Amino acid sequence: MSTRLSSRRHFLQLAGAAAAAAAGSRPVLAAKEEPFKISLAEWSLNKGIFGKGNAEKHTHLDFAKTPRSLGIDGIEYVNQMFFDKATDAAYLADMKKRQEGEGVKGLLIMCDREGNLGDPDEAKRAKTVENHLKWLDAAATLGCHSIRVNAASDAKLTWDEQMKLAADGLHRLCVEGDKRGLFVVVENHGGLSSNGLWLTGVMKAADHARVGILPDFGNFYTDRVKGELYNPYKGLREFMPWVKQGMSAKAYDWDTGAGKFYTEDRREGREMTLDFQRLIDIVVKAGYKGYIGIEYEGDKHTEIDGIKRTKQALDELKAML
């Protein structure tokens, strides 16, 4: 009797081990990785912050509350909203505290009005680089990965001359960015910077690991007065190898009849229709998995509704991938 019990016990042990081994051999389904994350650019609230028209009032210091209330965890600051506070340690500490209190990440600072990095005057170009240093320091304080700059030069100069000068200013600034562990990214912001071939040429000439591009889906007009538009889909494909950790999903009016994922700028002289599905497809196929920042600039919706509608489009496209 004891022999039979011992044999049975041995059999059950073997069976249990086999079952465990079989279960262990089954593939474990990992959680689906997000194809990209969504952030909010402060410029989406520029009318409310600057008090334009009848827009709902917003303040820069309360900016971090808006994305969190909309289910967004990344924010992109605009230096114009706190232009005189770049070196104010107490103010930046307050921004950081609010950011952390809302559970959002500071990603970058968009910098304007600090001169031309490609200025043909050596002294002015050096001064422009110097002007941006305080924003690099502010970005580091806020835990950002980049500052966004402009690669403007003198439009009277040749293509090559402007490229050389912009690259020189960018390289100098990247050297400073590297000291702080920050990227210096250029937005296509009109003129030659909205020409994909020119801006990627600047990247090569700047020749620094910290230089990159922050593509803006809707900023491909090389000359708005003449209506000259660089193909945004071609431009985005050209920019993708130079993208670091961010890009701007510029959005205008939604639900205009153009199509579910189409956004339209219908202002006279600025007419543009963008296919978000096609743009996101380019981004994902390039292997990008970082943040895509909502930058709403339309007139049909309120700023908050425009942000919500843009997020809805991005969420639906994300779910389709």
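Since the model is a prediction, treat every value here as computed from it, not as a measurement. (Residues numbered from 1 in each chain as written. Predicted model: local features only at pLDDT ≥ 70, side-chain atom pairs only at ≥ 80, totals over all residues. Heavy atoms only, no water.)

Participant: Could you give an account of helix α5 (residues 122–141), naming the residues involved and the relevant values?
Facilitator: Taking 1.5 Å as the rise per residue, α5 with 20 residues should run 28 Å; its terminal C-alpha atoms sit 30 Å apart, in good agreement. When we look at burial in α5, the residues that qualify are Arg125, Thr128, Val129, Asn131, His132, Trp135, Leu136, Ala138 and Ala139. On its buried face, α5 is in contact with α4 (89–102), β3 (105–110), β4 (146–149), α6 (159–179) and β5 (183–187). The residue sitting at the N-terminus of α5 and contributing the capping side-chain oxygen is Asp121; that oxygen lies 2.9 Å from the backbone nitrogen of Ala123. (Helix = DSSP H or I, 4+ residues; strand = E, 2+ residues; numbered from the N terminus. Expected span 1.5 Å × (residues − 1). Buried < 20%, exposed > 50% of the residue type's maximum accessible area, 1.4 Å probe, protein only. Contact = heavy atoms within 4.5 Å. Polar contact = N/O pair within 3.5 Å; in protein donor to acceptor, adjacent residues only side chain to side chain.)

Participant: I'd like a description of the sheet that holds strand β1 (residues 37–41), backed by residues and values.
Facilitator: Ordered by their spatial adjacency, eight strands build an open sheet running β6-β5-β4-β3-β2-β1-β12-β9, and the pairing between neighbours is parallel. Two strands lie at the open edges of the sheet, namely β6 (211–214) and β9 (248–251), each paired on one side alone. Between one strand axis and the next, the sheet turns through 30 degrees on average, direction left out of account. In this sheet, strand β2 (residues 74–78) lies alongside β1 in parallel orientation, the contact comprising three bridges. Residue Ala41 lies in a different strand from β2, and its bridge partner there is Glu76. (Pairing = 2+ DSSP bridges. Axes fitted to C-alpha atoms, helices over the stretch in contact; angles between N-to-C directions.)

Participant: Please provide a residue-by-residue account of helix α10 (residues 303–320), values included.
Facilitator: In a regular helix each residue adds 1.5 Å, so 18 residues correspond to 26 Å; α10 covers 26 Å between its end C-alpha atoms and thus fits that length. Buried within α10 we find Glu303, Ile304, Gly306, Ile307, Arg309, Thr310, Lys311, Ala313, Leu314, Leu317 and Lys318. In this structure, the buried residues of α10 make contact with β1, α2 (46–50), α3 (65–69), β9, α9 (276–285) and β12 (291–296).

Participant: Explain the environment of Cys111 to me, and be specific about the residues and the numbers.
Facilitator: Secondary-structure assignment places Cys111 in the loop between β3 and α5. For Cys111 and Asn150, which are 39 residues apart along the polypeptide, the C-alpha to C-alpha distance reads 7.7 Å. Ignoring sequence-local partners within four residues, the contact set of Cys111 consists of Asn79, His132, Trp135, Ile147, Arg148, Val149 and Asn150.

Participant: Lay out the pattern of salt bridges in plain terms, naming residues and giving numbers.
Facilitator: The full count for this structure, using the stated rule, is 30 salt bridges. Here Lys85 ties to Asp88 by a salt bridge, and the two come within 3.9 Å at their closest N and O atoms. The class of Asp88 is partly exposed, set by a relative accessible area of 27%. Of the charged contacts, one joins Arg125 and Glu122 as a salt bridge, the two residues approaching to 2.8 Å between their closest N and O atoms. One end of the pair is Arg125 and the other is Glu122, both in helix α5 and three residues apart, which spans about a single turn. (Salt bridge = Lys/Arg side-chain N within 4 Å of Asp/Glu carboxyl O.)

Participant: Quick one: what's the story with the packing of α9 against α10, residue by residue and with numbers?
Facilitator: Running from N to C, α9 and α10 point in directions that differ by 55 degrees, and their axes come no closer than 11 Å. The orientation of α9 relative to α10 falls into the category oblique. Here the hand of the crossing between α9 and α10 comes out right-handed. Contacts from Phe276, Gln277 and Ile280 in α9 reach Thr310, Leu314, Leu317 and Met320 in α10. (Parallel < 35°, antiparallel > 145°, perpendicular 65-115°, else oblique. Left-handed = near helix turned anticlockwise from the far one by under 90°.)

Participant: Kindly report on the nonpolar core, identifying the contributing residues and their values.
Facilitator: Within the largest apolar cluster, 86 residues are counted, with the highest numbers of intra-cluster contacts made by Ile109, Leu170, Phe217 and Phe276. The greatest single-element share of this core, amounting to six residues, is contributed by α6. Ignoring anything within four residues of it in the chain, the contact list for Phe217 reads Pro232, Leu236, Met247, Ser248, Ala249, Lys250, Leu274, Phe276, Leu279, Ile280 and Val283. (Core = buried A, V, L, I, M, F, W, Y, C linked by side-chain atoms within 4.5 Å.)

Participant: Can you tell me about the packing of aromatic side chains, naming the residues and giving the values?
Facilitator: One pass over the full model with this rule turns up eight aromatic pairs. On the numbers, 6.0 Å between centres and 70 degrees between planes, the contact of Phe63 with Tyr77 is edge-to-face. Here Phe63, found in the loop between α2 and α3, pairs with Tyr77, found in strand β2; they are 14 residues apart in sequence, far enough to count as distant. As far as the burial class goes, Phe63 and Tyr77 line up, both buried. Aromatic side chains Phe220 and Phe239 sit 5.6 Å apart centroid to centroid with 20 degrees between the ring planes, which places their arrangement in the stacked category. Note that Phe220 is positioned in the loop between β6 and β7 (221–223) and Phe239 in helix α8 (residues 232–239), a separation of 19 residues in sequence. (Phe/Tyr/Trp six-rings, centres within 6.5 Å; stacked < 30°, edge-to-face > 60°.)

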